[in-house]
Structure formats: C-alpha cells, structure tokens
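# Observations on the model geometry
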Amino acid sequence: NAGVMQNPRHLVRRRGQEARLRCSPMKGHSHVYWYRQLPEEGLKFMVYLQKENIIDESGMPKERFSAEFPKEGPSILRIQQVVRGDSAAYFCASSPGAYNSPLHFGNGTRLTVT
Amino acid sequence: DQQVKQNSPSLSVQEGRISILNCDYTNSMFDYFLWYKKYPAEGPTFLISISSIKDKNEDGRFTVFLNKSAKHLSLHIVPSQPGDSAVYFCAAKGTGNQFYFGTGTSLTVIP
C-alpha cells in the first residue's frame, strides 16, 4: 500500500523560473494538504484541497503560488517566478477526510533557488 | 499567530529514562491532537493522537496526555531509546479540518 508520493525529491531552479511540485495521495485519500518548512522553522500550512476544489488557501502567498488537485492525476503546487526566499522543503500530506483521521505525509520536495 | 507552541527547541535524555515533550495551544475549539516524529530528509510520521473527549491515550512506549483546562498536551516516551532521536511535532485540528503544527522539539537520546 503505497504512501504519499512526492516528486521530485530535489528541485533546483534559477530565480525567475517556475517550479512544479507533484503529490500523489495515499490510495483512498481524497484530501490533500501542502505545508512548507523553512530552515530552522516548523511546518507552515499553505493550502488544503479536495478533488477539484480548493477548501482553504489561507496560508498561500497571494502572488506566484497556486495549487490544484484535478479529478485525475496528482496534486500540483506551482510556484511562478521563483525567488531565493522560496527555497524550502515542501511537504504534501493526505487524509481520507474521515472524522479525526491523521494526516500522512510524503517525504517532501526540497526546492533550491539559485 | 502561532496557535500551537512547543517552547522547548531541544531536549536530551539518557537511554532508558523518560522523555517528556510538551505542547501548548491557544484555541479552545481544537478537538483532535496529534504527535509526529520526523527524521532528517524525511516527511513527518504519525505517532499517536488523542481526541478532546479523552485525557490520555497510550500506544506501547508512547503516551499522550491532554489537559484541556490548561490547553496543554504532552508526549511521554518510556523507556527512551537512541532510535527515538528525532524532531517531534505536535499538531491540533480545528473545526475546518485544518491542522496546525508546532515548531518542533529536537529529542536526543544519549546511549
């Protein structure tokens, strides 16, 4: 039973390029969360999605960042025109959405902006 | 606005002794609390959880205690083992299904 799969594990982008991070939730999970961890900091909530819907994007920066979870395929976190401050580890988590069910995390994508 | 706080960035414990990790929260509407363990270069792994209707939940060497009046939860690990050395995050779930995480406590178990 595969866990949450994130790819790529490492992504290097030059300033101004686009970064696309992918997340396939656990089988049977229809809820996806994205978190960001900056160096020496905790996990910061970014966005919560269900299939084809953004439920809560209160943690997303207003510009350059977007997320989707289409009916078919993985969830995508997209960062346009990356800047050095976007360098961080981005974690995806999924849950079945049942009451009081925990999140299950992938191993993250480490984005480095040069 | 940090709604879940872990005030100890690090903790060192001798092997075999008890490790106690603490967590405080501010929102009385939180109804589900969790602990995660994280090794470097890996994602957080779910460890144990507790519903707000309980005050204790135990799973092997791990016990979580919840004090709702103090808005405080703790994780006890006994006996501590070197493999327990990791960063531990507490988390709380609000009514909107959003999970709030603390900043983590780095536990080192000394052999």
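Summary of the structure given here.

Criteria and thresholds
- Each chain has its residues counted from 1, running along the sequence as written.
- All chains are assigned letters beginning with A, and all ligands numbers beginning with 1, in the order in which they are written.
- Side-chain atom pairs in this predicted model are given and counted only at pLDDT of 80 or more, local residue features only at pLDDT of at least 70, and totals for whole chains, interfaces and linings cover all residues.
- The side-chain figures draw on all heavy atoms in the structure; neither hydrogens nor water molecules are used.
- Partly exposed describes any residue whose relative accessible area lies between the buried limit of under 20% and the exposed limit of over 50%, with all areas from a 1.4 Å probe on protein chains only and scaled to the type maximum.
- Strands are runs of DSSP state E lasting at least two residues, helices are runs of H or I lasting at least four, and both sets are numbered from the N terminus onward.
- When DSSP finds two or more bridges between a pair of strands, those strands are recorded as paired.
- The definitions used throughout rest on a 1 Å grid laid over the protein atoms alone, on which a cavity is an enclosed set of points accommodating a 1.4 Å probe that cannot get out and a pocket is an open set flanked by protein within 12 Å on both sides along at least five of seven lines; lining residues are those having an atom within 4 Å of a point.
- Grid points are joined across faces, edges and corners, and a volume is the space filled by probe spheres set on the points.
- The nonpolar class holds Ala, Val, Leu, Ile, Met, Phe, Trp, Tyr, Cys and Pro. Asp, Glu, Lys and Arg form the charged class, and all remaining residues, Gly among them, are polar.
- A contact between two residues is defined here by any heavy atoms of the two lying within 4.5 Å.
- Summed over both partners, buried area is the accessible surface (1.4 Å probe) that two parts give up on being assembled.
- Between Lys or Arg on one side and Asp or Glu on the other, a salt bridge is scored when a side-chain nitrogen of the former is within 4 Å of a carboxyl oxygen of the latter.

### A look at the pairing of strand β3 (residues 19–25) of chain B
All names here are of chain B.
- Only one face of β3 is buried: it carries Ser-19, Leu-21, Cys-23 and Tyr-25, and the other face, with Ile-20, Asn-22 and Asp-24, is open.
- The pairing of β3 with strand β8 (residues 72–77) spans six bridges and is classified as antiparallel. By the bridge assignment, Asp-24 is partnered in β8 with His-72.

### Focus on empty space enclosed by the protein
- On inspection of all chains with the given rule, the structure shows one cavity of 30 Å³ or more.
- In this structure, the largest cavity spans a volume of roughly 30 Å³.
- What lines the largest cavity is simply Tyr-33, Ser-95, Gly-97, Ala-98, Asn-100 and Ser-101 of chain A together with Lys-93, Asn-97 and Phe-99 of chain B.
- Residues that form the lining of the largest cavity fall into these classes: three nonpolar, five polar and one charged.

### Some points on the interface of chain B and chain A
- In this assembly, 21 residues from chain B lie in contact with 22 residues from chain A.
- Surface buried jointly by chain B and chain A totals about 1,700 Å² across both partners, of which 53% is contributed by carbon and sulfur atoms.
- For chain B, the biggest contributors to the area lost against chain A are Gln-98, Phe-99 and Phe-101 of chain B; these three give 28% of the whole.
- Summed over the shared surface of chain B and chain A, the result is zero salt bridges.

### Here we look at the pairing of strand β11 (residues 105–110) of chain B
Residues and elements named next belong to chain B.
- Only one face of β11 is buried: it carries Thr-105, Leu-107 and Val-109, and the other face, with Ser-106, Thr-108 and Ile-110, is open.
- Relative to β11, strand β2 (residues 10–14) runs parallel, the two being bridged by five bridges. The partner of Val-13 across the bridge, within β11, is Val-109.
- Here strand β9 (residues 86–93) runs beside β11; their pairing, made up of three bridges, is antiparallel. Opposite Ala-86, over in β11, you have Leu-107 as the bridge partner.

Remember, this is a structural readout, not a statement about activity or role.
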